[in-house]
Amino acid sequence: MSTYSLDQRTAHWTELKLQFNSIFEAAPTLYRAPGRVNLIGEHTDYNDGFVMPAAIDLSCCVAIAPRKDRQLVVHSVNFNETIEFSLNDGKMETTDHWSDYIRGVAWALEHAGHKLRGAEIAILSNIPIGAGLSSSAGIEVATAYALLEISGLQVERTELAKLCQKAENDYVGARCGIMDQFIACHAQAGHAIMLDCRSLNYRTLPLKSDVCLLISNTMVDHHLAGGEYNVRRAECEEGVRRLASVLPGIESLRDVSMAELDRHRDRLTDVLYRRCRHVVTENLRVTEATAALQRDDLNCFGHLMADSHRSLRDDYEVSCFELDVMVEIAVKQEGVYGSRMTGGGFGGCTISLVKEESIAHLQHAIAEAYEEKTGRRPEIYVCSAAEGVGIAKC
Ligand code: ADP
Ligand code: MG
């Protein structure tokens, strides 16, 4: 089991400064952007629905100093590698390498008319990479924000999120929604956000100060599930297409109520009906979860997390043995309000809302029971809800 202590989290900025100074001569400024976890609202984003992410206090930190020319020299401490290119290149050259995230962000900003200065950059992230906690949005948003700051430019935060999403969609070639970049830009410490993925309207929701976000990594690689993700998206589109013949005007499953879905069940196969039912009920759950947080009712929130997990497991069929085991173990423990898989599924992480006082015993109990049942050693990250991109206070 590995955990990050708060001390290690601050030491991470000191380490980055040291690394920057060993490569470059100028004095850097440090910026950071957080990873995130989705509390509820899974597979709803591409159906124009609702999601509820919180930023976590694991982040990508960027040390940056401007140059006189238009070269970007970028060192990733995580990958121990330095890359260099000119902002004057302007061309799109996807290389399937981490530097695509940097090139993509620079490309998206410049294409939107933001003329950037060259810079020397070192990057160090303590967001686990590839675990579903959005180290990708972390690196995009931190780098974009840092580049804009040293260029004396300001971009509104929703616009910044959209440009970073564009970098990931169009340059890196990953088909992600807006949620990760949006929360990395807009998060407030101690709060989650309820985001309407259609309008991008959002509501900031308080999380009790004695509640921790306990994230358990099953250590099952969720990347293998890319094909299934595309199948689910196609199934939702097919559901909308069939329902639109009797419900004219609907554009996505967001527009369908449970009563309408049941009334027109005969238009759908059993599989399509269950896929649609997950999305329709999940949107309802996010709405109910929003109300629960507004009245500080974490027990109710926990029940909604349990329902969400069941729906993802049985109707949407995106869970797996390890995720189910992790959730089953967590919900049996004292001090756990609720637990569910988070992210696309087929592996990756679970999120549990937990009383702070129970953390110490929980980490060990969950890790031990999980390893015994699956033979895999989990990583457990104890997080609190952090703020969005900004200057690193260190
Ligand atoms: P996730 O967002 O779930 O962590 P992704 O596959 O979307 O997983 O993004 C991970 C990729 O983002 C890495 O493979 C790497 O290319 C890039 N990346 C993230 N953090 C860093 C970093 N600190 N340095 C360089 N590249 C990074
Ligand atoms: Mg990602």
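Scope of this entry: the structure provided in the associated data block. (Residues numbered from 1 in each chain as written. Chains lettered and ligands numbered in written order. Predicted model: local features only at pLDDT ≥ 70, side-chain atom pairs only at ≥ 80, totals over all residues. Heavy atoms only, no water.)

### A word on helix H2 (residues 99-111)
Stated precisely, the cut-off is as follows: Think of it this way: any DSSP run of H or I at least four residues long counts as a helix, any run of E at least two long counts as a strand, and we number them from the N terminus. The span one expects for a helix is its residue count, reduced by one, times 1.5 Å. Contact definition: two residues touch when any of their heavy atoms are within 4.5 Å.
Across its 13 residues, H2 extends 18 Å between first and last C-alpha, which sits within 8% of the 18 Å expected from 1.5 Å per residue. Next to the buried residues of H2 lie strand S3 (71-76), strand S4 (81-86), strand S5 (119-125), helix H3 (135-150) and helix H4 (157-172). Among the residues trailing H2, Gly113 stands out with phi positive, at a value near 95 degrees.

### Regarding the side chain of Ser252
Which entries qualify depends on this criterion: Partly exposed residues are those whose accessible area sits between 20% and 50% of the maximum for their type, while under 20% is buried and over 50% is exposed, using a 1.4 Å probe and protein chains only. N or O atoms closer than or at 3.5 Å make up a polar contact, with two conditions inside protein: a donor-capable atom paired with an acceptor-capable one, and, for residues adjacent in sequence, both atoms drawn from side chains.
Looking at where Ser252 falls in the secondary structure, it is placed in the loop between helix H6 (226-244) and helix H7 (258-263). On the basis of relative accessibility, which here comes to 6%, the residue Ser252 falls in the buried class. Within polar-contact distance, the side chain of Ser252 engages the side chain of Asp48 at 3.4 Å. A polar contact is formed between the side chain of Ser252 and the side chain of Arg198, at a distance of 3.1 Å.

### Re unusual backbone geometry
As a rule of thumb, non-glycine residues mostly have phi less than zero, and peptide bonds are mostly trans rather than cis. Phi angles above zero are rare outside glycine, and Ser134 is one such case at about 65 degrees. With a phi close to 55 degrees, Glu317 is a non-glycine residue in the positive phi region. Considering the arrangement of structural elements, one finds Glu317 in the loop between helix H9 (298-314) and helix H10 (321-331).

### Description of the packing of aromatic side chains
The line we're drawing: Under the pairing criterion, centres of Phe, Tyr and Trp rings, with the six-membered ring standing for Trp, must be within 6.5 Å; the plane angle then separates stacked pairs below 30 degrees from edge-to-face pairs above 60, leaving the rest tilted.
Under the criterion given, the structure shown has six aromatic pairs. Centre to centre, the rings of Phe20 and Phe24 are 4.8 Å apart; their planes meet at 50 degrees, and the pair counts as tilted. Here Tyr31 and Tyr145 contribute two aromatic rings whose centre-to-centre distance is 5.7 Å and whose plane-to-plane angle is 65 degrees, an arrangement assigned as edge-to-face. Of the two residues, Tyr31 is situated in strand S1 (residues 29-40) and Tyr145 in helix H3; the sequence distance between them amounts to 114 residues.

### A look at the nonpolar core
Across soluble globular proteins, nonpolar side chains have a tendency to be buried as a group. Basically, it comes down to this: Take the buried residues of types Ala, Val, Leu, Ile, Met, Phe, Trp, Tyr and Cys, join any two whose side-chain atoms come within 4.5 Å, and each joined set is a nonpolar core. The source of the domain bounds is an automatic or database domain assignment.
With 84 residues, the main nonpolar core has Leu39, Met52, Leu213 and Phe301 as its most contacted residues. Looking at which domains feed residues into this core, each of domain 1 (2-207 + 387-391) and domain 2 (211-383) gives three or more. Among the nonpolar cores identified, the runner-up in size contains 21 residues, and Cys236, Val240, Tyr273 and Val318 belong to it.

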